[in-house]
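Per-entry structural report
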Amino acid sequence: RDWQALRLDMNDLTRAYGLAGNWSAASQGMPARIDDNQVKQLLRTIGQRADTFDKGLDRAFVNGQYDTGRGKDEIRRSVQDLKQATNRLRDRVNGRQSNTLDAEEVLRGGTSIDGFMQRYQLSAQSERNWIALRGDLDKLASAYNVGWDWSQPGYAAAGYLHPITGTYQLDVNR
């Protein structure tokens, strides 16, 4: 009975922090996260797929399948941000220092790409490349037990659907 109450509290906590709790796996002695070697392989795959996606964008832009402009620069920057975040996570995994926040940084890098792909129609090959890369990002979220929703990234799994925006000033008197 105490375990059930604790489990409910832990479920509430995991939802509040946007994590995916898998109590059935934990109770069966299964690992909650894949091991570091599997994460390293997944990160290599993400890096390779990001490169493939990037090269596919080159072909789509050169073939005139997309109107040049600000969006082109934004998607380029987003792909570079994703690659850099992936490299940082790889370094942290190699140093045995990775955590959920590091994985979320990679996932956030994919969010802007996903938004771009939702807004603009590129070549079928670019779409396939993104779907494959996004699938690997989903695996990364699962590996770090991050509840990730591409339609509401960030803390959507915890029920926080409205991001905080604007300019704020700290009240030093409090």
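Residues numbered from 1 in each chain as written. Predicted model: local features only at pLDDT ≥ 70, side-chain atom pairs only at ≥ 80, totals over all residues. Heavy atoms only, no water.

As for its position among the elements, Thr86 is in helix α4 (residues 70–94). Setting aside its immediate chain neighbours within four residues, Thr86 contacts Leu43, Ile46, Gly47 and Val106. (Helix = DSSP H or I, 4+ residues; strand = E, 2+ residues; numbered from the N terminus. Contact = heavy atoms within 4.5 Å.)

Let us look at the confidence of the model for the chain. Here the chain shows a mean pLDDT of 79. Residues at 70 or above account for 70%. Here helix α2 (residues 23–27) stands out as the least confident element of the chain, with mean pLDDT 43; helix α6 (residues 124–143) is the most confident, with 94. Scored below 50 in pLDDT, residues 22–31 makes 5 contacts in the model with residues more than four places away or belonging to other chains. Considering only residues more than four positions removed or in separate chains, one finds that residues 155–162, a stretch of pLDDT under 50, has 13 contacts. (pLDDT = per-residue confidence, 0-100.)

On to unusual backbone geometry, then. Even without being a glycine, Arg96 presents a positive backbone phi close to 55 degrees. With respect to the secondary-structure elements, Arg96 resides in the loop between α4 and α5 (100–119). The backbone of Asn145 shows a phi angle near 55 degrees, a positive value even though the residue is not glycine. One can find Asn145 in the segment after α6.

This part is about the packing of helix α3 (residues 36–62) against α6. Close contact between α3 and α6 brings their axes to 9 Å; oriented N to C, the two are set at 160 degrees. One way to sum up the angle between α3 and α6 is to call them roughly antiparallel. Where α3 crosses over α6, the handedness of that crossing is left-handed. In this structure, α3 uses Leu42, Leu43, Thr45, Ile46, Arg49, Ala50, Thr52, Phe53, Gly56, Leu57 and Ala60 to contact α6, whose residues at the interface are Ser126, Asn129, Trp130, Ala132, Leu133, Asp136, Leu137, Lys139 and Leu140. Across the contact of α3 with α6, the residue classes tally to 12 nonpolar, 5 polar and 3 charged. (Axes fitted to C-alpha atoms, helices over the stretch in contact; angles between N-to-C directions. Parallel < 35°, antiparallel > 145°, perpendicular 65-115°, else oblique. Left-handed = near helix turned anticlockwise from the far one by under 90°. Nonpolar A, V, L, I, M, F, W, Y, C, P; charged D, E, K, R; others polar.)

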